[in-house]
Amino acid sequence: MLRFTKMNGAGNDFILFDNRTGSIALDRTQIAQLCDRHRGVGADGILLLEKPTNRADFRMRYFNADGGEAEMCGNGARCFARFANKIAGQKAQLSFETPAGVISAELAGDLVTLQMTEPTDLRLNLDLSTPGENRKIHFINSGVPHVVIPVAKIDDTNVPRDGAAIRHHKMFSPNGTNVNFIEKRGPNQIAIRTYERGVEDETLACGTGIVASALIFALTEKSSSAITVTTRGGDVLQVAFDRGDEGFRNVTLTGPAEFVFEGTIEL
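Report on the accompanying structure. (Residues numbered from 1 in each chain as written. Predicted model: local features only at pLDDT ≥ 70, side-chain atom pairs only at ≥ 80, totals over all residues. Heavy atoms only, no water.)

Another point: the environment of Ile 46. Following the sequence through the fold, Ile 46 ends up in strand 3 (residues 45–50). Separated by 179 residues in the primary sequence, Ile 46 and Ser 225 place their C-alpha atoms 31 Å from one another. In contact with Ile 46, other than residues within four places in its own chain, are Ile 15, Phe 17, Leu 26, Ile 31, Leu 34, Cys 35, Arg 61, Tyr 62 and Phe 63. (Helix = DSSP H or I, 4+ residues; strand = E, 2+ residues; numbered from the N terminus. Contact = heavy atoms within 4.5 Å.)

Below, the structure written as structure tokens:
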């Protein structure tokens, strides 16, 4: 029997386990079973809280719903911060290691501000062909790889179809990419819809996708910090940053992280 906590960050939902003892070792089939919304708990992914291997307070491991481990998850990281704060002692600030680097978090009620790792691999105005359409896209790695595509009306976008075609495109093989569609809502405001790699569908929100999209928008629209982002689920998050000659620094993501319920499940 495994004890778990269910949480969501802007509608992106997760199952969290305290694995500081190191006794939990889930295989891909078990992770997929837990995330199944009909036969399991139901989630977009799983987060394990573990002992750190460096000077951070904790180690965060994130697994997508298909069982594959990913480098980072922004919405998951906010949930992870509140989860760690609850079970391991009340701290207004904490840090945790991820494969994408060390993330620091500041907590204020149900809002969490993450200090993100610096983005890499920025590429603007790439030509990409998918069946029936040629597109101009942008790419950035905000902890995990993201394509960002501006559109005129986000509600008219077929995210499952178009997102899947780009996610599996040979340009991003073998690991694939996440895909974000953004609509300008003002000088410093966008709406976003995201197709998530590993979930293999549209999700209500994606934290690293929100960061990637806000940074691309700031570049292409020459907007200053901060960028307000409205998700498919209706939540509003903020991405702040400093911009210099060598790119973005001091990137933060602020948004909600909410407890849903706790329980036990037998695998």
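Going through the model one piece at a time under the given rule, you end up with 22 salt bridges. The partner of Asp 44 in a salt bridge is Arg 37, with the nearest N and O atoms 3.0 Å apart. Arg 185 is the salt-bridge partner of Glu 183, the closest N and O atoms lying 3.0 Å from each other. Exposure remark for Arg 185: the relative accessible area of 43% places this residue in the partly exposed category. Three or more residues joined by partner-sharing salt bridges are found here, namely Lys 6, Asp 13, Arg 37 and Asp 44. (Salt bridge = Lys/Arg side-chain N within 4 Å of Asp/Glu carboxyl O. Buried < 20%, exposed > 50% of the residue type's maximum accessible area, 1.4 Å probe, protein only.)

Take the pairing of strand 9 (residues 120–130) next. Regular strands have side chains that alternate between both faces of the sheet. Alignment of strand 9 against strand 10 (residues 133–141), held across seven bridges, turns out to be antiparallel. Residue pairing across strands places Thr 130 opposite Glu 133, the latter belonging to strand 10. Counting the residues that bridge the hairpin from strand 9 to strand 10 gives two residues, and of these Gly 132 lies at a positive phi of roughly 85°. (Pairing = 2+ DSSP bridges.)

What follows covers unusual backbone geometry. The peptide bond linking Ser 173 to Pro 174 adopts the cis configuration, its omega dihedral lying at 5°. Checked against the element boundaries, Pro 174 lands in the loop between helix 3 (159–167) and strand 12 (178–186). Here the residue pair Ser 225 and Ala 226 is connected by a cis peptide bond, since its omega of 5° sits within 30 degrees of zero. Assignment of secondary structure puts Ala 226 in the loop between helix 4 (207–221) and strand 15 (227–230). Of note in the backbone geometry, Asp 121 takes a positive phi value of approximately 55° without being a glycine. Residue placement: Asp 121 occurs in strand 9. Asp 121 gets classed as partly exposed once you look at its relative accessible area, which sits at 42%. In this structure, Asn 125 is a non-glycine residue whose phi angle is positive, near 55°. Inspection of the secondary structure puts Asn 125 in strand 9.

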